[in-house]
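# Working through the structure, step by step
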Amino acid sequence: VVKNNGPSAAKNVLISDNVDSFFEIAFYSTDGSIYNEWNGSLDLTGDLANGAEYTIYIKGILAEDQCSDISNTASVTSENDDNVANNTSTVNTPVEDNISPVITGMPANITVSNDPGICGAVVTWNAPMASDNCGVESFTSTWNPGDEFSVGTTTVTYTAKDAANNSVEQSFTV
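So, here is what we can say about the structure in this document. Counting restarts for each chain: residues are numbered from 1 in the order of the written sequence. With the structure being a predicted model, the display of local features is reserved for residues of pLDDT at least 70 and the display and counting of side-chain atom pairs for 80 or more, all residues being used for whole-chain, interface and lining totals. Side-chain calculation: all heavy atoms of the structure are included, whereas hydrogens and water are not.

Here the focus is the overall build of the protein chain. The way it works is that DSSP assigns letters per residue, a run of H or I at least four long becomes a helix, a run of E at least two long becomes a strand, and they are numbered from the N terminus. A tally of regular secondary structure across the protein chain gives zero helices and 16 strands. Relative to a compact globule of 174 residues, whose C-alpha radius of gyration would be 16 Å, the protein chain shows 28 Å and is clearly more extended. Each principal axis of the C-alpha distribution contributes one length, and for the protein chain these read about 95 × 30 × 20 Å. Residues classed as buried in the protein chain amount to 28% of the 174 residues present. We call two residues contacting when some pair of their heavy atoms lies within 4.5 Å. A fraction of 62% describes how many contacts in the protein chain between residues 6 or more apart in sequence connect residues 24 or more apart. Radius of gyration here is computed from C-alpha atoms only, and the compact-globule reference equals 2.2 Å multiplied by the residue count raised to the power 0.38. For each residue, the accessible area found with a 1.4 Å probe, counting protein chains only, is set against the maximum for its type, and the residue is called buried under 20%, exposed over 50%, and partly exposed in between.

Have a look at this one:
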């Protein structure tokens with residue numbers, strides 16, 4: 001919301017907002033329904049009367065690695081207002097991470113014979129890896145390479161979780 005606090009009409013108002021650092025692409029609307037691509041500024045082409053407000057909606061597609069809240073500052077300039085101290089507005093917008101981590105390199109099911117002299121086997125495999133657009137907070141497994149497994153079928157489950165509590169599980173059997 002842009003508001004002219006006076007004391008007179010603001011002439012040839014230009015609203016500037018550099019949002020490209022956190023949006024892959026940004027759009028704006030003056031009515032909340034029809035959006036156009038944002039190019040960094042909007043010329044109101046005319047005067048903004050003393051006490052008048054003008055609302056601009058900005059939305060966009062966040063960069064995938066944008067994991068922290070956005071602090072966005074818009075500035076307003078006009079032909080007859082030299083007081084830039086009251087010509088900015090900052091809005092803090094929380095970012096919600098809803099992308100789950102990804103587990104790669106998950107082993108296929110493993111079948112082995114028991115080790116001589118024991119009713120089980122020590123089983124090894126290449127451990128998978130986890131990644132996430134905002135970082136993996138924990139990556140756990142119910143069993144580890146080199147553990148001894150009893151005769152029978154055992155499920156090995158890997159779980160990756162990020163800071164937003166998004167999680168993914170993948171399993172294989174031994």
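That was the structure; now back to the text.
With that settled, consider the packing of aromatic side chains. Pairs were defined over the aromatic rings of Phe, Tyr and Trp, the Trp ring being its six-membered one, requiring ring centres within 6.5 Å. Orientation was assigned from the angle between planes: stacked under 30 degrees, edge-to-face over 60, tilted for the rest. In the structure shown here, the tally under the stated rule is five aromatic pairs. Ring geometry for Trp125 against Phe172: centres 5.2 Å apart, planes inclined by 80 degrees, an arrangement best described as edge-to-face. With Trp125 in the loop between β11 (120-123) and β12 (129-131) and Phe172 in strand β16 (residues 167-173), this pair connects stretches of sequence that are 47 residues apart. For the residue pair Trp125 and Phe172, the accessibility class agrees, reading buried in each case. An aromatic cluster is built from Trp125, Trp143, Phe149 and Phe172, whose rings are joined through pairwise contacts. When the ring centre of Tyr35 is taken as origin, the NZ or CZ atom of Lys59, which lies over that ring, is 4.1 Å away. A positively charged side chain is recorded as over a ring if its NZ (Lys) or CZ (Arg) lies within 6 Å of the ring centre. The angle to the ring normal must also be within 35 degrees.

Cavity means a closed set of points on a 1 Å grid over the protein atoms alone, one where a 1.4 Å probe fits but cannot get out, pocket means an open set with protein on both sides within 12 Å along at least 5 of 7 lines, and lining means a residue has an atom within 4 Å of a point. Grid points are joined across faces, edges and corners, and a volume is the space filled by probe spheres set on the points. In this structure, the largest pocket occupies an estimated 670 Å³ of space. Around the largest pocket sit 34 residues that line it, and Val1, Val2, Ile15, Ala74 and Ser89 are the ones nearest its centre. Elements supplying a minimum of two residues to the lining of the largest pocket: β1 (2-3), β7 (57-62), β8 (70-77) and β9 (88-93). Following the grouping adopted for this structure description, the nonpolar residues are Ala, Val, Leu, Ile, Met, Phe, Trp, Tyr, Cys and Pro, the charged ones are Asp, Glu, Lys and Arg, and the polar ones are all others, Gly among them. Per-class residue counts for the lining of the largest pocket are 18 nonpolar, 12 polar and four charged.

It is worth spelling out the nonpolar core at this point. In plain words, nonpolar cores are sets of buried Ala, Val, Leu, Ile, Met, Phe, Trp, Tyr and Cys residues tied together by side-chain atoms within 4.5 Å. Membership of the largest hydrophobic core comes to 17 residues, with the highest contact counts inside it found for Val13, Ile15, Val19, Trp38 and Leu42. Among the secondary structure elements, those contributing two or more residues to this core are β3 (23-29) and β8. A per-element tally of this core places β3 first, with three residues. Leave out the neighbours within four places in its chain, and Trp38 touches Ile15, Asp17, Val19, Ala26, Phe27, Tyr28 and Ile58. One finds Trp125, Tyr158, Phe172 and Val174 within the second-largest nonpolar core, a separate group that totals 12 residues.

With that settled, the discussion passes to the sheet that holds strand β13 (residues 136-141). Only strands that DSSP links by at least two bridges are regarded as paired with each other. Taken in spatial order, the three strands of this open sheet run β13-β15-β16, and their pairing is antiparallel. The strands lining the two open edges of the sheet, one partner per strand, are β13 and β16. Strand-to-strand twist of the sheet, defined as the mean angle between neighbouring strand axes without regard to direction, takes the value 10 degrees. Pairing of strand β15 (residues 155-162) with β16 involves seven bridges; the strand directions are antiparallel. In the sheet register, Ala160 faces β16, and the bridge partner there is Val168. Every axis in this analysis is a line fitted to C-alpha atoms, fitted for helices over the stretch in contact. Angles between the N-to-C directions lie between 0 and 180 degrees.

Next up on the list: the state of the cysteines. In what follows, a disulfide is any cysteine sulfur pair within 2.5 Å. Summed over all chains, the structure comprises one disulfide. Each sulfur of the disulfide joining Cys67 and Cys134 lies 1.7 Å from the other. Disulfide Cys67-Cys134: torsion about the S-S bond near -90 degrees, hence left-handed. Placement of the pair is Cys67 in the loop between β7 and β8 and Cys134 in the loop between β12 and β13, with a sequence separation of 67 residues.

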